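Okay, here's what each chain looks like letter by letter:
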Amino acid sequence: MQTINDSSPVKAIPTCRQLFLGFLGLGMTAFGGALPLAHRMIVERHGWLDKEEFVELLGLCQFLPGGNIINLSVALGMRFRGVRGALASILGLIAVPSVVVILLGILYQHYQSDPHIKHLFAGLAAAAAGLLIQMAVKIALPLRNNFVLATLAAACFVAIAVLRIPLVWTMLVMTPISIFLTAKVSAKEEAQGDEK
């Protein structure tokens with residue numbers, strides 16, 4: 001096993017070609033929600049990251065401006081292969097969807113008033129919502145073993161979904177709190193491990 005920039009082992013360091021092809025496949029198959037498929041590709045199939053690393057990297061990508069999956073592809077490529085890896089990942093991810101979106105845009109422009117097309121888009125929106133819920137559950141499962149992180153996640157959800165506090169303000173407040181509490185819990189666990 002090899003390590004990358006930290007002490008966490010991975011099965012193999014992906015090449016730029018593997019990053020490109022992995023994200024190309026993801027871009028071709030991820031209709032309406034790429035995160036569940038990205039998790040499957042990155043963690044389960046290739047083993048480039050473990051579940052905890054994926055959640056941590058995704059958390060960083062959600063904090064950054066832009067699309068989560070685009071940020072994730074760039075961050076993963078940078079982690080393993082620097083700028084070349086980031087370019088390979090992002091180009092793989094956007095190649096096919098860019099062509100598909102352009103073609104669908106042309107078709108939609110001609111047939112947008114057709115009621116069948118409107119029903120089609122309503123059905124696609126429902127499927128995308130289902131994929132998003134499935135991904136949220138998958139990401140939240142590792143948090144069930146950590147009361148502090150689960151509480152922080154619940155507080156963020158309440159702030160954004162229930163209280164309707166803008167994402168930027170929620171992140172500006174919750175990020176330092178989560179860093180502080182996570183560091184405190186980690187230090188406490190290390191101290192307990194040293195005592196044993």
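Residues numbered from 1 in each chain as written. Predicted model: local features only at pLDDT ≥ 70, side-chain atom pairs only at ≥ 80, totals over all residues. Heavy atoms only, no water.

**Q** Tell me what's going on with the overall build of the protein, and back it up with residues and numbers.
**A** Secondary structure assignment for the protein yields seven helices and two strands. Along the first, second and third principal axes, the C-alpha atoms of the protein reach 70 × 45 × 25 Å. A total of 196 residues make up the protein; the buried ones form 27% of that total. In the protein, once contacts between residues fewer than 6 apart in sequence are set aside, the share between residues at least 24 apart is 54%. Roughly 12,800 Å² of accessible area belongs to the protein as shown, and the carbon and sulfur atoms make up 69% of that amount. (Helix = DSSP H or I, 4+ residues; strand = E, 2+ residues; numbered from the N terminus. Buried < 20%, exposed > 50% of the residue type's maximum accessible area, 1.4 Å probe, protein only. Contact = heavy atoms within 4.5 Å. Areas by Shrake-Rupley, 256 points an atom, 1.4 Å probe, with all protein chains shown as cover.)

**Q** Describe unusual backbone geometry, and please don't skip the residues or the numbers.
**A** With phi around 60°, R164 is a residue other than glycine that occupies positive phi space. By secondary structure assignment, the location of R164 is in the loop between α6 (147-162) and α7 (167-195). Owing to a relative accessible area of 67%, R164 belongs among the exposed residues under this scheme.

**Q** Any chance you could break down the layout of surface pockets for me, citing the residues and the numbers?
**A** The volume enclosed by the largest pocket comes to roughly 1,700 Å³. Of all the secondary structure elements, the ones that give two or more residues to the lining of the largest pocket are α3 (51-63), α5 (115-140), α6 and α7. Broken down by element, the lining of the largest pocket gets its largest block of residues, nine residues, from α6. A per-class count over the lining of the largest pocket returns 25 nonpolar, eight polar and two charged. (1 Å grid on protein atoms, 1.4 Å probe; cavity = no way out; pocket = protein on both sides within 12 Å on 5 of 7 lines; lining within 4 Å. Points joined across faces, edges and corners; volume = space filled by probe spheres on them. Nonpolar A, V, L, I, M, F, W, Y, C, P; charged D, E, K, R; others polar.)

**Q** Please give an account of the nonpolar core that cites residues and values.
**A** Grouped together as the largest cluster of nonpolar side chains are 23 residues, with contacts concentrated most on F23, L26, I42, I69, L72 and L76. Those elements that provide at least two residues to this core are α1 (16-29), α2 (35-45), α3, α4 (68-111) and α5. In this view, F23 contacts M41, I42, S73, L76, S89, G92 and L93; residues no more than four positions away in its chain are not counted. (Core = buried A, V, L, I, M, F, W, Y, C linked by side-chain atoms within 4.5 Å.)

**Q** Tell me about a nonpolar patch on the surface, residues and numbers included.
**A** A surface patch of nonpolar side chains, amounting to about 810 Å² of accessible area, comprises F157, V158, V162, L163, I165, V168, W169 and L172. Among the elements of the structure, α6 and α7 are those that each provide at least two residues to the nonpolar patch. Tracing the backbone shows W169 in helix α7. Taking the relative accessible area as the measure of exposure, W169 reaches 55% and is therefore exposed. (Patch = residues over 30% accessible without salt bridge, like charges linked within 9 Å, V, L, I, M, F, W, Y side chains within 5 Å. Salt bridge = Lys/Arg side-chain N within 4 Å of Asp/Glu carboxyl O.)

**Q** So what about α5? Which residues, and what values?
**A** Counted at 1.5 Å a residue, the expected span for α5 with its 26 residues is 38 Å, and the 38 Å between its end C-alpha atoms agrees. Taking the backbone nitrogen of H116 as reference, a side-chain oxygen 2.8 Å away marks D114 as the first, capping residue of α5. (Expected span 1.5 Å × (residues − 1). Polar contact = N/O pair within 3.5 Å; in protein donor to acceptor, adjacent residues only side chain to side chain.)

**Q** Got a sec to walk through the environment of F54? Specific residues and values, please.
**A** Turning to its location among the elements, F54 is positioned in helix α3. Distance in space between the C-alpha atoms of F54 and L76 is 9.5 Å, their sequence separation being 22 residues. The residues touching F54, leaving out its near neighbours within four places in the chain, are L35, A38, H39, I42, V43, L49, L72 and M135.

**Q** Tell me what's going on with α1, and back it up with residues and numbers.
**A** Between its first and last C-alpha, α1 extends 20 Å over 14 residues, near the 20 Å set by a 1.5 Å rise per residue. Three or more residues of α1 are buried, namely C16, L19, G22, F23, L24, L26 and G27. Buried residues along α1 sit in contact with α2 and α4.

**Q** Lay out the state of the cysteines in plain terms, naming residues and giving numbers.
**A** The term disulfide refers to a covalent linkage connecting the sulfur atoms of a pair of cysteines. Enumeration over the complete set of coordinates arrives at zero disulfides. No disulfide involves C16; its nearest neighbouring cysteine sulfur is the one of C61, lying 18 Å away. For C16, a relative accessible area of 17% puts it in the buried group. Of all cysteine sulfurs, the one in C61 lies closest to C156, which takes part in no disulfide; the gap is 16 Å. (Disulfide = S-S within 2.5 Å.)

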